[in-house]
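Summary of the model geometry
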Amino acid sequence: MKDYYEILQVPRSASSSDIKQAYRKLALTWHPDRVEISDQETAAKTFELLSEAYECLSTSELRAVYDKYGEQGLKQGIPTEEGLQSTNFCPSNPLEVFEKFFGSIHVFDQFFTHDQSEFFADRDIFNNFSGMKSAEKAVDTEDIVHELSLSLAELYLGTRRKICISDIPRTNRFGSVTMMTRDYNIEIKAGWKDGTKLRFEGDGPQHPGMAEPGDVVFVIKQEKHPEFRREGCHLVYDAEISLLEALTGTSVVIRSLDGRTLRIPVNDIVDSTSTVVYQGEGMPQNDGSRGDLIVKFKVKFPNSLTDQQKALLHKALS
């Protein structure tokens, strides 16, 4: 279990100001673009932990939950009489936390040697160090950007894609241009998000006059799902039920993204503002945990009632 106070090197009695100062100092120290290449993996992991710890401890409600129930309560839910109540805490992209704190991701551009926006395209690919790109690269380089369209189920389970990129112009040292073809066997890790970028440095075009070749960049595009929608690490399912079911109870049957059948009992009266949280049935996260499945309800009213039905309904509810 993570000790957020230890990560930020502050006591449990630390004030909000203490926490901010600690994050400011450590985030600038451990930003992967401030350390040597050999330390990039350590820096990325440390930077991610710092972001998660700060995001929790800088929010009073989350900090209160963490102080009482620890990381397990924060991520898996608070125990109540009715079961576990989700806090909906999903750590954000560390670079987004950094930018929100400092007002820019370019706080110390004069020190940067890599394009951190690509390096941190998604917090789940921190170990993909082929994504680093030199800031000293010639400005006239050209990248090939290829969109990878993936279903929500593929992003839930993880998959592989074989992609062939052809007609890539390359200039040799004599100035002549040849067209190349490159094959990629890309592993899509479970939990990756829409917009995640995979960069293959130096695999792109190099036209005459270019000092260096460009890159080949694959961008994840999540397809719309007919039943689920994604909110961070959570999945949201809209269940349509009748007025009778909303008043007397029912069981919602959901086919999960990995093919399992989930039966969610609804025993209380629900309306269109009600939700039921099914913990651990959301999208995979980098630390091995999962988000939640959040069931929302759409109550379908009858188009008409007979006089007898109205009378019976009035009698039952009065």
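Residues numbered from 1 in each chain as written. Predicted model: local features only at pLDDT ≥ 70, side-chain atom pairs only at ≥ 80, totals over all residues. Heavy atoms only, no water.

1. Concerning the packing of aromatic side chains
Counted according to the given criterion, the structure contains ten aromatic pairs. Between the aromatic rings of Tyr 5 and Tyr 66, the centroid separation amounts to 6.1 Å while the plane-to-plane angle is 40°, which identifies the pairing as tilted. Residue Tyr 5 is located in helix H1 (residues 4-8), and its partner Tyr 66 is located in helix H4 (residues 60-76); the two are separated by 61 residues in the primary sequence. An identical accessibility class is assigned to Tyr 5 and Tyr 66; each is buried. With 4.4 Å between their ring centres and 20° between their planes, Tyr 23 and Tyr 54 make a pair best called stacked. (Phe/Tyr/Trp six-rings, centres within 6.5 Å; stacked < 30°, edge-to-face > 60°. Helix = DSSP H or I, 4+ residues; strand = E, 2+ residues; numbered from the N terminus. Buried < 20%, exposed > 50% of the residue type's maximum accessible area, 1.4 Å probe, protein only.)

2. Details of the pattern of salt bridges
Going through the model one piece at a time under the given rule, you end up with 13 salt bridges. Put simply, Arg 12 and Asp 67 hold a salt bridge, and the shortest N to O gap is 3.5 Å. With a gap of 55 residues between them, Arg 12 in the loop between H1 and helix H2 (16-30) and Asp 67 in helix H4 connect regions that are remote in the sequence. The exposure class of Arg 12 is partly exposed, given its relative accessible area of 46%. The closest approach of N and O atoms between Glu 154 and Arg 161, which form a salt bridge, is 3.2 Å. (Salt bridge = Lys/Arg side-chain N within 4 Å of Asp/Glu carboxyl O.)

3. A look at a nonpolar patch on the surface
Where nonpolar side chains cluster on the molecular surface, the patch consists of Leu 305, Leu 313 and Leu 317 and spans about 270 Å² of accessible area. Considering the arrangement of structural elements, one finds Leu 317 in helix H9 (residues 307-317). (Patch = residues over 30% accessible without salt bridge, like charges linked within 9 Å, V, L, I, M, F, W, Y side chains within 5 Å. Areas by Shrake-Rupley, 256 points an atom, 1.4 Å probe, with all protein chains shown as cover.)

4. What about unusual backbone geometry?
In terms of backbone geometry, most residues other than glycine have negative phi values and most peptide bonds are trans. In this model, Gln 9 sits at a positive phi of 60°, which is unusual for a non-glycine residue. Note that Gln 9 resides in the loop between H1 and H2. One non-glycine residue with positive phi stands out, namely Asp 167, at about 55°. Mapped onto the elements of the fold, Asp 167 is located in strand S4 (residues 159-171). According to the relative accessible area criterion, Asp 167 is exposed, its value standing at 54%.

5. Some details on the sheet that holds strand S12 (residues 275-278)
Strand order in this open sheet of four strands is S8-S9-S13-S12, and the pairing throughout is mixed. The strands lining the two open edges of the sheet, one partner per strand, are strand S8 (228-231) and S12. Shown here is a sheet whose adjacent strand axes are inclined to one another by a mean of 30°, direction ignored. Relative to strand S13 (residues 293-300), strand S9 (residues 234-242) runs parallel, the two being bridged by eight bridges. If you follow Ile 241 over to S13, its bridge partner there is Val 299. (Pairing = 2+ DSSP bridges. Axes fitted to C-alpha atoms, helices over the stretch in contact; angles between N-to-C directions.)

6. So, H4
Here H4 spans only 18 Å end to end across 17 residues, well under the 24 Å set by a 1.5 Å rise per residue. Tyr 69 marks where H4 bends most, by close to 125°. Along H4, the positions that sit buried rather than exposed are Leu 62, Arg 63, Val 65, Tyr 66, Gly 70, Glu 71, Gly 73, Leu 74 and Lys 75. (Expected span 1.5 Å × (residues − 1). Bend = angle between axes of the 7 residues up to and from the residue.)

7. Concerning the side chain of Asn 93
When you line up the elements, Asn 93 lands in the loop between strand S2 (83-85) and helix H5 (94-102). Residue classification places Asn 93 among the buried residues on the basis of a relative accessible area of 11%. At 2.8 Å, the side chain of Asn 93 forms a polar contact with the backbone nitrogen of Leu 95. (Polar contact = N/O pair within 3.5 Å; in protein donor to acceptor, adjacent residues only side chain to side chain.)

8. Looking at the environment of Phe 297
Mapped onto the elements of the fold, Phe 297 is located in strand S13. A sequence separation of 45 residues divides Phe 297 from Val 252, and the C-alpha atoms of the two residues are 10.0 Å apart.

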